[in-house]
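# Coordinates in review
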Amino acid sequence: MNEAQIKMMEEYYSSVDFDFSIAFFYEEQMIGVMGITLREDTKYSEVLSFGVLQEFKTHKGKMICVLMNEARSRGAETITFHASDIPEKDIQKELGLSELTKDVMMVKEV
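Residues numbered from 1 in each chain as written. Predicted model: local features only at pLDDT ≥ 70, side-chain atom pairs only at ≥ 80, totals over all residues. Heavy atoms only, no water.

## Brief notes about unusual backbone geometry
A negative phi angle characterises most non-glycine residues, just as the trans form characterises most peptide bonds. In this structure, Glu27 is a non-glycine residue whose phi angle is positive, near 50°. In this fold, Glu27 is placed in the loop between strand S1 (20-26) and strand S2 (29-39). Phi is positive for Glu28, which is not a glycine, with a value near 70°. By the element assignment, Glu28 lies in the loop between S1 and S2. Exposure remark for Glu28: the relative accessible area of 80% places this residue in the exposed category. (Helix = DSSP H or I, 4+ residues; strand = E, 2+ residues; numbered from the N terminus. Buried < 20%, exposed > 50% of the residue type's maximum accessible area, 1.4 Å probe, protein only.)

Here it is as structure tokens:
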């Protein structure tokens, strides 16, 4: 993901009603953003927006840990991610993530 995409996500998702979001910064530059929903009745949480600048991908696992800890502190017992957001098998294994479904997204510019 590049800076323009991060800015687009920030702008687009600022209109979405998330339960909470987390922005990650390095020297005043936004390097990642994640938007999360949380259903208090089912304790189910879903990460709907997920972006990390390419040059900071080495920190993605740590960012996800911050997100999971925050969701847990707010009552989440189950957290779901789109598999395409975390294709790195080492991060999946390290965080104990298991694949539930294959996600597919397609787009056409019109």
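## Regarding the pairing of strand S3 (residues 44-52)
Pairing of S2 with S3 involves eight bridges; the strand directions are antiparallel. If you follow Ile36 over to S3, its bridge partner there is Val47. In this antiparallel pair of consecutive strands, S2 and S3, the connection spans four residues, and Lys43 shows a positive phi of 60°. Relative to strand S4 (residues 78-80), S3 runs parallel, the two sharing three bridges. Across the sheet, Ser45 pairs through a bridge with Ile79, a residue of S4. Note that the unit made of S3, helix H2 (residues 60-73) and S4 has a crossover that is right-handed. (Pairing = 2+ DSSP bridges. Right-handed = clockwise from strand over helix to strand, strands pointing away.)

## What to know about the environment of Leu100
Relative to the elements of secondary structure, Leu100 occurs in the segment after helix H3 (89-95). Judged by relative accessible area, Leu100 falls into the exposed class, the value being 75%. In this structure the C-alpha to C-alpha distance between Leu100 and Thr80, which are 20 residues apart in sequence, comes to 8.9 Å.

## Some thoughts on the layout of surface pockets
Roughly 550 Å³ of internal volume is contained in the largest pocket. Along its surface, the largest pocket is lined by 23 residues, and Ile79, Thr80, Phe81, Leu97 and Ser98 are the ones closest to its centre. Of all the secondary-structure elements, those providing two or more residues to the lining of the largest pocket are S3, H2, S4 and H3. Of the residues that constitute the lining of the largest pocket, the class distribution is 11 nonpolar, seven polar and five charged. (1 Å grid on protein atoms, 1.4 Å probe; cavity = no way out; pocket = protein on both sides within 12 Å on 5 of 7 lines; lining within 4 Å. Points joined across faces, edges and corners; volume = space filled by probe spheres on them. Nonpolar A, V, L, I, M, F, W, Y, C, P; charged D, E, K, R; others polar.)

## Side note on the sheet that holds S2
Across the sheet, which stays open at both edges, the four strands sit in the order S1-S2-S3-S4 with mixed pairing between neighbours. Lying at the two open borders of the sheet, with one neighbouring strand each, are S1 and S4. In this sheet, neighbouring strand axes are inclined to one another by 20° on average, regardless of whether the strands run parallel or antiparallel. Taken strand by strand, H2 contacts S1, S2, S3 and S4, and its axis lies near 145° from that of S1. (Axes fitted to C-alpha atoms, helices over the stretch in contact; angles between N-to-C directions. Contact = heavy atoms within 4.5 Å.)

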